[in-house]
There are 2 protein chains.
Amino acid sequence: MNDVIAAIATPAGEGALGIVRLSGPDVLAVAARFVRAPWQPRLATLALVHDEGRPVERAVGVYFPGPDSYTGDDVLELTAHGSPYLLSRILELAVRSGARLASPGEFTHRAYLNGRLDLAQAEAVSLLIRARTETTARAAFEQLEGRLSNAVEDLRRRITGGLAIVEASLDHPEEDLPAFGPETAAAAASRLAEEARRLAATHRRGRLAADGARVSIVGRPNAGKSSLLNALVGRDRAIVADEPGTTRDTLEETADLRGVRAVLVDTAGLRDEAEAGAVEREGIRRTRASLAASDVALVVLDRSVDFQEPDRSLLEEAAAGGRPVIVALNKADLPRASGLDGIEGVQVSALTGDGVSRLAERLADELARTGAAPEGEPWVVSLRHRLALEESAAALDRAAAVAGEAELAAVHLREALAKLGEIVGDTATEEVLRELFSRFCVGK
Amino acid sequence: MNDVIAAIATPAGEGALGIVRLSGPDVLAVAARFVRAPWQPRLATLALVHDEGRPVERAVGVYFPGPDSYTGDDVLELTAHGSPYLLSRILELAVRSGARLASPGEFTHRAYLNGRLDLAQAEAVSLLIRARTETTARAAFEQLEGRLSNAVEDLRRRITGGLAIVEASLDHPEEDLPAFGPETAAAAASRLAEEARRLAATHRRGRLAADGARVSIVGRPNAGKSSLLNALVGRDRAIVADEPGTTRDTLEETADLRGVRAVLVDTAGLRDEAEAGAVEREGIRRTRASLAASDVALVVLDRSVDFQEPDRSLLEEAAAGGRPVIVALNKADLPRASGLDGIEGVQVSALTGDGVSRLAERLADELARTGAAPEGEPWVVSLRHRLALEESAAALDRAAAVAGEAELAAVHLREALAKLGEIVGDTATEEVLRELFSRFCVGK
């Protein structure tokens, strides 16, 4: 924590500008060896970068004295021309002057250790950088602003309050404490458990926002699944051929459907495995696995072919576990066959493009229902947070169950607190921290 | 010139930080519609980026009031999280607030129009961003600092001085002017022409620094040219096979040889065209074209095969026009054949790697001789500058030739001045400006 770390903070590649960032208690002492500038706090200053006196670049530097900086330590940011060569040269000069190459996420890790961000906020930084849609960006920004942390802190405060009363009754059984029967205590603990569980349940939305909804495109061979994937993403992603069974591997393509990221998965056609060869059978196995992991199923029916028993079982399989199903009635350019009357679906022709935008809208509606950000409420994006909330809720349930036995209840309440503490980081282990920050990019 | 331009100034891709840059007289008025911050000149300030009041990001902004800014106009730089999505969202908000998307190089173009940089300096910005080696970066930095501009301005000042005397003698033939015979005048003009020509001649080095030296690897079929290319660049770039004539297209690969960028060109083996098929003949034609365009020839001889007449003519062809030739005596792992006694070359085995680093050193020495930056002297990187200097020198020669006829001499001196003015931009045409700045990246 006492050394100076340095990294290129902007993306790799050529650009107009690039930033080299340094942080550490001695940052100005290190900088004095390769940059000349009359630093003043937060004032953008023209600085001469030199290699033992030989000019290398004129950068604009800003010195952010700690603790009011990103990391909480003294920070120096040098904005230079966006030349990859030049930026690595400046970084090299920083290292020769006593700085050390920062590891991934080390700036944010220091910010966390210095109390500038709690752990949930630190995780939001990485989420924000990887954001691909408005929904993810907003979720990450709100988490960074502390919305989730505040909700967790609120829960912790109230559990701590309850724990204080329980502990007081243990320490001073002789005193006249406020009326606090086991039923009241149990109800309070159950209410808190319910709140924690409700927050944990927002993870479904959070995960969709962060990773995108998985939409499996399933159907019988030759229904036009690959053509439909291509039509939806607007380019030739999947190989299309008249031959049934052309698609064997599952192909993935992402699309932004009105702010929600969707991963569209093209799959091998499903048919009686007894009739399929070994390669096709493996394809069918993968299709089933993809379907099981998807949030929405897009079932493609060939409406020019009579609706049959395999179609019905396909629809049932797609809807298993309450999964939302959207039906595309493909080949609307061909005459309609029979047996489709009861089927509600979007008429579409992947060939002519007719109905494709209607189908995309229908998908976007479905995703908006399940994947859009709730307005003004905290929500959970990370699985780690969901699990901690669920474990905290379970501990609160256990506390409620033993509300009459103060000593036991206190143990469970402390466990509930510890689990919540893991979210903001107070009780996170070294391994958790290392794992989290290693997923960051260098320079952050 | 009166509108506000905006662009993402950092490279595309994910990173810790990214910058959106705005410039124009009304920059703060535009910014007020989507960023909230108490701007103070040059003070890095935490700013809330919002979409009609809805928070989007907290950026660190710096406001640089003109004329003391990069462009000379008011500039605002917003440093946000390096998320491509977020940065384009901020750019979109800037555009919705009244800014316009900047065209490539438009910030630097404005800096030029506002007199913050002359044209040679503006060109150096683009050169610096594309720099790949220390030599190029230094050449670009020195040009940006004004070393070439100063040399050109010095020439212009002295020509203007001479022109003033010539014009005075025309305007006031009756006055007693200092003794200034035609011989003295002619000698002065010739001296200036010589200086302009000397500066133009530095372009050879400048071009090598900017584009890299072209090194053609030539030799008879199966001498091991492709193996040697692979050994020099340290990876399997070219397909290697026992079959003579494996290489048909010329393959290029760049290498950094002690600060000088080299483009190594693997070529088809040269042999009697009468014996070669059509494809091979085309390959041989390309080899010859590559050799003609190269700065250094690396001739590969198979030292396990007797030296023969075709080898001698190959060496002669490689050295045509005084081109430096380096000979690699390849297959040092096999017994040495005869006839090679007079040939000075580097013993090397592309197969075992023996001698490869010695050969690279030898190449680096040769390139350092011709391609390294001269210490403390101005030099020309751009062909445009070289041509302008040569044309200026030619006009000065013409002036020297007619030194006795003041009116004619004045015409040529004015032309010499105009040509030099094109370098720094005073007399550059709109087309030249447009062409130059269009080669910049957006955001610069």
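Bear in mind that the values here come from a model prediction, so they are computed numbers and not experimental data.

Chemist: Looking at this model, I keep getting lost on the domain arrangement of chain A. Mind explaining?
Modeler: Reports of interface size often rely on the accessible area that becomes lost once the parts have come together. Residue and element names in this part refer to chain A. One can read the domain layout of chain A as domain 1 (5-102), domain 2 (121-202 + 379-437) and domain 3 (212-371). The distance between the C-alpha centroids of domain 2 and domain 3 comes to 41 Å. Across the boundary between the two partners, domain 2 contributes four residues, which contact five residues of domain 3. Between domain 2 and domain 3, the buried area comes to about 340 Å², and carbon and sulfur atoms account for 52% of it. Here domain 2 and domain 3 share zero salt bridges between them. Counting across the domain 2 and domain 3 interface gives zero residue pairs in polar contact (both at pLDDT 80 or more). Along the lines of polarity and charge, the residues of the side of domain 2 that touches domain 3 split into no nonpolar, two polar and two charged.

Chemist: Explain the interface of chain A and chain B to me, please; I cannot follow it from the model alone.
Modeler: The interface of chain A with chain B comprises 51 residues on the first partner and 51 residues on the second. Of the roughly 4000 Å² buried where chain A meets chain B, counting both sides, 60% is carbon and sulfur surface. Interface area lost by chain A to chain B is led by P11, L17 and Y85 of chain A, which between them contribute 16%. At the junction of chain A with chain B, the criterion picks out six salt bridges. Note that E134 of chain B is salt-bridged to R89 of chain A, the shortest N-O span being 3.9 Å. Our enumeration of links across chain A and chain B arrives at 16 residue pairs in polar contact (both at pLDDT 80 or more). Top contributing element to the side of chain A that touches chain B by residue count: strand β5 (residues 54-64) of chain A, with eight residues. Residues that form the side of chain A that touches chain B fall into these classes: 27 nonpolar, nine polar and 15 charged.

Chemist: Looking at this structure, how should I read helix α10 (residues 278-292) of chain A?
Modeler: Owing to its 3.6 residues per turn, the α-helix aligns residues three or four sequence positions apart on the same side. Helix length check: α10 of chain A (15 residues) gives 21 Å between terminal C-alpha atoms against 21 Å at 1.5 Å per residue, within 8%. In this structure, the buried side of α10 of chain A is in contact with β8 (213-219), β10 (260-266), β11 (296-302) and α11 (309-318) of chain A.

Chemist: Sorry if this is basic, but what is going on with the packing of helix α6 (residues 147-171) of chain A against helix α7 (residues 182-201) of chain A here?
Modeler: The description of two helices packed together rests on the angle between their axes and the distance between the axes. Residue and element names in this part refer to chain A. Two numbers describe how α6 lies on α7: the axes approach to 11 Å, and their chain directions differ by 165°. Considering the angle they form, α6 stands roughly antiparallel to α7. As α6 runs across α7, the sense of the crossing is left-handed. In this structure, α6 uses L148, A151, V152, L155, R158 and I159 to contact α7, whose residues at the interface are L192, E195, A196 and L199. Partitioned by chemical class, the residues of the contact of α6 with α7 number eight nonpolar, no polar and two charged.

Chemist: How should I be thinking about the packing of aromatic side chains in this particular structure?
Modeler: Geometry of an aromatic ring pair is reported as the spacing of the ring centres plus the angle between the planes. Per the stated rule, a full pass over the model turns up four aromatic pairs over all chains. With a centroid separation of 6.2 Å and an interplanar angle of 35°, the aromatic rings of Y112 of chain A and F437 of chain A are classed as tilted. Of this pair, Y112 of chain A sits in helix α3 (residues 106-113) while F437 of chain A sits in helix α15 (residues 430-438); the two residues are 325 residues apart in sequence, bridging distant segments of the chain. Plain terms: the ring middles of F437 of chain A and F440 of chain A are 5.4 Å apart, the flat faces sit at 40° to each other, and that makes the pair tilted. Accessibility classification places F437 of chain A together with F440 of chain A in one group, the buried group. Counting every residue linked through ring pairs, the aromatic cluster contains Y112, F437 and F440 of chain A. The residue whose ring lies beneath K444 of chain A is Y70 of chain A, and the NZ or CZ to ring-centre distance is 4.7 Å. Between R21 of chain B and the ring centre of Y70 of chain B, over which it is positioned, the NZ or CZ distance is 4.8 Å.

Chemist: How do you make sense of the sheet that holds strand β7 (residues 100-101) of chain B when you look at a structure like this?
Modeler: In a beta sheet, neighbouring strands pair by backbone hydrogen bonds and run either parallel or antiparallel. Here we have seven strands laid out as an open sheet, ordered β3-β4-β5-β6-β2-β1-β7 (chain B), and mixed in their pairing. At either margin of the open sheet sits one strand with a lone partner, and together these are β3 (35-36) and β7 of chain B. By the bridge criterion, two bridges tie β3 of chain B to strand β4 (residues 45-51) of chain B in an arrangement that is antiparallel. Pairing of R36 of chain B across the sheet is with L48 of chain B, part of β4 of chain B. Of the strands in this sheet, β2 (15-23), β5 (54-64) and β6 (75-82) of chain B touch helix α4 (residues 119-129) of chain A, which is tilted by about 110° from β6 of chain B. Of the strands in this sheet, β1 (5-8), β2 and β7 of chain B are in contact with helix α3 (residues 106-113) of chain B, which crosses β1 of chain B at around 135°.

Chemist: Can you walk me through the side chain of D118 of chain A in this structure?
Modeler: Residues and elements named next belong to chain A. Tracing the backbone through its elements, the reader meets D118 in the loop between α3 and α4. Look at D118: it is buried, it has no salt bridge, and the nearest opposite charge is R156 at 7.6 Å. A polar atom in the side chain of D118 sits 3.0 Å from the backbone nitrogen of A120. Look past the residues within four positions of D118 in its chain and what remains in contact with it is Y112, S149 and V424.

Chemist: Would you take a moment to explain the relation of the copies chain A and chain B for this structure?
Modeler: Note: a rotation about an axis with an accompanying shift along it relates these two copies of the chain. For the match of chain A to chain B, the screw axis carries a shift of 0.0 Å, the RMSD comes to 0.1 Å, and the turn is 180°. The superposition of one copy onto the other is thereby described by a two-fold rotation axis. By C-alpha distance to the rotation axis, the residue of chain A lying nearest is L43 of chain A, at 2.3 Å.

Rules of the game
Residues numbered from 1 in each chain as written. Chains lettered and ligands numbered in written order. Predicted model: local features only at pLDDT ≥ 70, side-chain atom pairs only at ≥ 80, totals over all residues. Heavy atoms only, no water. Domains from an automatic or database assignment. Contact = heavy atoms within 4.5 Å. Buried area = accessible area lost by both parts, 1.4 Å probe. Salt bridge = Lys/Arg side-chain N within 4 Å of Asp/Glu carboxyl O. Polar contact = N/O pair within 3.5 Å; in protein donor to acceptor, adjacent residues only side chain to side chain. Nonpolar A, V, L, I, M, F, W, Y, C, P; charged D, E, K, R; others polar. Helix = DSSP H or I, 4+ residues; strand = E, 2+ residues; numbered from the N terminus. Expected span 1.5 Å × (residues − 1). Axes fitted to C-alpha atoms, helices over the stretch in contact; angles between N-to-C directions. Parallel < 35°, antiparallel > 145°, perpendicular 65-115°, else oblique. Left-handed = near helix turned anticlockwise from the far one by under 90°. Phe/Tyr/Trp six-rings, centres within 6.5 Å; stacked < 30°, edge-to-face > 60°. Buried < 20%, exposed > 50% of the residue type's maximum accessible area, 1.4 Å probe, protein only. Lys NZ or Arg CZ within 6 Å of the ring centre and 35° of its normal. Pairing = 2+ DSSP bridges. Lys, Arg positive; Asp, Glu negative; His and termini not counted. Least-squares fit on C-alpha atoms with pLDDT ≥ 70 in both.

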